[in-house]
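Coordinate inspection notes
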Amino acid sequence: MPTIVSGSVPASDLALAYSLEQLPELQFEIERIVTSGGDALMPMLWVRGSTREEVEATLEEDPTVDKVELLGDFDDEWLFRMEWIAHIDLLVQMITNSEATILDAVGQGDRWKLRVLYPRRSLFSKTHDFCESHGLDFDVASIRELDEEPAGRYGLTTAQYEILSEASKRGYFEVPRGVSLEALADDLDISHQAASERLRRATDALVEDALFVGFDGFD
């Protein structure tokens, strides 16, 4: 069954640790990553948190990257393409030997936060074993198997999915609201307090899943 694993690794175990150390305010967010032979990766990634001049100068000195190319300048963030040429063993293992897809990767401070989709949970065991044998610290925050239920695809419980779906269909999020929270609670046969708490937790879980925030790895 397809499985999503979320976790974090020290920046020193992946590329761009030098840049993150030199400019601690930086944040890297991978837009796309592909392999470029067995000894390099070619990500496109967003960079935020400094000036363009500082970013370009630091990337030029970073020993883990090569062929840095600015693709877009959007005032306070920049889209770069580059080759990662060092400290990429873990990502190469995930993509090639474990058939995984890197859904999200965000580097900030001294860690990279990853969300990885494996076609089968057993394939994650290959990554786990690889980390063990190579002394890599992949700190797993969550493992979620995707099943036929739509709730599980978005990090929601069945009850959370039910109240979000009902609230959306009946216009709870519209202005003005098409239905009150009290009416939703009555329809779901739960108390007003339970409905409020369930809707809050469901919204929080959906935002965390969509924006890839919230689990331990970054403050």
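Just so you know, these numbers come straight off a predicted model, no measurement behind them.

**Let's talk about the packing of helix H3 (residues 89-97) against helix H4 (residues 121-134)**
Here H3 crosses H4 at 155 degrees, and the two axes come no closer than 10 Å. Judged by the angle between their axes, H3 and H4 are roughly antiparallel. For the crossing formed where H3 meets H4, the hand is right-handed. Within the contact between the two elements, H3 uses Asp89, Leu90, Gln93, Met94 and Asn97 and H4 uses Lys126, Thr127, Phe130 and Cys131. Broken down by class, the residue content of the contact of H3 with H4 amounts to four nonpolar, three polar and two charged.

**Let's talk about unusual backbone geometry**
Look at the link from Val175 to Pro176: it is a cis peptide, with omega at -5 degrees. Within the secondary structure, Pro176 sits in the loop between helix H6 (158-169) and helix H7 (181-187). Look at His87: it is not a glycine, yet its phi comes out positive at around 60 degrees. With respect to the helices and strands, His87 occurs in the loop between strand E5 (77-84) and H3. Phi is positive for Asp189, close to 60 degrees, though the residue is something other than glycine. On the secondary structure map, Asp189 appears in the loop between H7 and helix H8 (192-211). Judged by relative accessible area, Asp189 falls into the exposed class, the value being 70%.

**Quick notes on the pairing of E5**
With six of eight residues buried, E5 lies mostly within the body of the structure. Pairing of strand E3 (residues 41-48) with E5 involves six bridges; the strand directions are antiparallel. Each bridged residue has a counterpart across the sheet, and for Met44 the counterpart in E5 is Arg81. Bridge analysis of strand E4 (residues 65-73) against E5 gives six bridges, and the strand direction is antiparallel. When the bridges of E5 are listed, Val65 appears paired with Trp84. Turn length for the E4-E5 hairpin, with the two strands adjacent in sequence and antiparallel, is three residues, and the turn residue Asp75 shows positive phi of about 70 degrees.

**A look at the packing of aromatic side chains**
This model, assessed by the stated rule, comprises six aromatic pairs. Ring centres of Trp46 and Phe74 lie 5.4 Å apart, and the angle between their planes is 50 degrees; this geometry places the pair in the tilted category. Pair noted here: Trp46 is in strand E3 and Phe74 is in the loop between E4 and E5, with a separation of 28 residues, a long-range link. What makes Trp46 buried here is its relative accessible area of 15%. For Phe74, a relative accessible area of 44% puts it in the partly exposed group. For the pair Tyr172 and Phe173, a centre-to-centre distance of 5.4 Å together with 80 degrees between the ring planes defines the contact as edge-to-face. Residue classification places Phe173 among the partly exposed residues on the basis of a relative accessible area of 48%. Here the aromatic cluster, defined as three or more aromatic residues joined through ring pairs, consists of Phe28, Trp84 and Trp112. The side chain of Arg177 reaches across the aromatic face of Tyr172, ending 4.1 Å from its centre.

Calculation criteria
Residues numbered from 1 in each chain as written. Predicted model: local features only at pLDDT ≥ 70, side-chain atom pairs only at ≥ 80, totals over all residues. Heavy atoms only, no water. Axes fitted to C-alpha atoms, helices over the stretch in contact; angles between N-to-C directions. Helix = DSSP H or I, 4+ residues; strand = E, 2+ residues; numbered from the N terminus. Parallel < 35°, antiparallel > 145°, perpendicular 65-115°, else oblique. Left-handed = near helix turned anticlockwise from the far one by under 90°. Contact = heavy atoms within 4.5 Å. Nonpolar A, V, L, I, M, F, W, Y, C, P; charged D, E, K, R; others polar. Buried < 20%, exposed > 50% of the residue type's maximum accessible area, 1.4 Å probe, protein only. Pairing = 2+ DSSP bridges. Phe/Tyr/Trp six-rings, centres within 6.5 Å; stacked < 30°, edge-to-face > 60°. Lys NZ or Arg CZ within 6 Å of the ring centre and 35° of its normal.

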